[in-house]
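Descriptive analysis of the structure
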Amino acid sequence: MPFACIYVPNFPVAAVLRAEPELHARPVAIFEGKPPLEKIIAANEKAAGIAPGMTKAQAELCSEFALRPRSALQESAAHAALLDCAQSFSPCVEDAAFDTAVLDLAGMESLFGSQTEISRAV
């Protein structure tokens, strides 16, 4: 039985970039926690020198970048979009995690072409 997995790496950053597309070209870091214990939980590849686990204060010293608080609302909307995408390719979708969906591709070749074509489309 063929399956596909849609995994969105660095999901908190992806959720922010989905909501604020003007940030795509900039370094972005996401933090959570209460002051003074706010910690970086995710950063995109453009945010050189910023790593999960750093304090927000440490990250602010590194360079100019977009620093955003973690947003449950943005992540929920991005998760719903992930599931919508998956369901456009298969009626059998498993909500595996907030950043992952698994699709059952059995019988989908007649609609979308070969498994390779389906994976490219997804």
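That block above? That's the structure.
None of the values given here were measured: they were computed from a predicted structure.

Secondary structure summary: the protein contains 5 helices and 6 strands in total. Along the protein, helices and strands appear, N-terminal first, in the series β-α-β-β-α-β-α-β-β-α-α. For a compact globule of 122 residues, the expected C-alpha radius of gyration is about 14 Å, and the protein comes in at 17 Å, more than 25% above that figure. Overall, the protein is about 55 × 25 × 20 Å in size when its C-alpha atoms are taken along their principal axes. Counting all 122 residues of the protein, 37% fall into the buried class. Long-range pairs, those at least 24 residues apart, make up 47% of the contacts in the protein between residues at least 6 apart in sequence. For the protein, the accessible surface area stands at approximately 7,100 Å², while carbon and sulfur atoms represent 58% of it.

Across the sheet, which stays open at both edges, the 3 strands sit in the order β3-β2-β4 with mixed pairing between neighbours. Every interior strand has two partners, whereas the edge strands, β3 (39-43) and β4 (66-69), have only one. In this sheet, neighbouring strand axes are inclined to one another by 35° on average, regardless of whether the strands run parallel or antiparallel. For strand β2 (residues 28-32) and β4, the ladder comprises 4 bridges, and the chain directions are parallel. Pairing of phenylalanine 31 across the sheet is with proline 69, part of β4.

Neighbouring strands of a sheet are bound in pairs by backbone hydrogen bonds; such pairs are parallel or else antiparallel. One open sheet holds the 3 strands; their spatial order is β1-β6-β5, and the pairing between them is antiparallel. The open sheet has two edge strands with one neighbour each: β1 (3-7) and β5 (93-97). If you compare each strand with its neighbour and ignore which way they point, the axes differ by 20° on average. Examined bridge by bridge, β1 and strand β6 (residues 100-104) share 5 bridges and lie antiparallel to one another. When the sheet's bridge partners are listed, phenylalanine 3 is paired in β6 with aspartate 104. On the sheet, helix α3 (residues 72-87) packs against β1, β5 and β6 and is oriented at approximately 150° with respect to β5.

Looking now at the packing of helix α1 (residues 11-19) against α3. Contact geometry of α1 with α3 gives a least axis separation of 9 Å together with a crossing angle of 90°. As summarised for this structure, α1 and α3 are arranged roughly perpendicular, according to the angle between their axes. For the pair α1 and α3, contact is made by Phe11, Pro12, Ala15, Val16, Arg18 and Ala19 and by Gln74, Glu75, Ala77, Ala78, His79 and Ala81, respectively.

Reading the values: rules and limits
- Residues numbered from 1 in each chain as written.
- Predicted model: local features only at pLDDT ≥ 70, side-chain atom pairs only at ≥ 80, totals over all residues.
- Heavy atoms only, no water.
- Helix = DSSP H or I, 4+ residues; strand = E, 2+ residues; numbered from the N terminus.
- Rg over C-alpha atoms; globule rule 2.2 N^0.38 Å.
- Buried < 20%, exposed > 50% of the residue type's maximum accessible area, 1.4 Å probe, protein only.
- Contact = heavy atoms within 4.5 Å.
- Areas by Shrake-Rupley, 256 points an atom, 1.4 Å probe, with all protein chains shown as cover.
- Pairing = 2+ DSSP bridges.
- Axes fitted to C-alpha atoms, helices over the stretch in contact; angles between N-to-C directions.
- Parallel < 35°, antiparallel > 145°, perpendicular 65-115°, else oblique.

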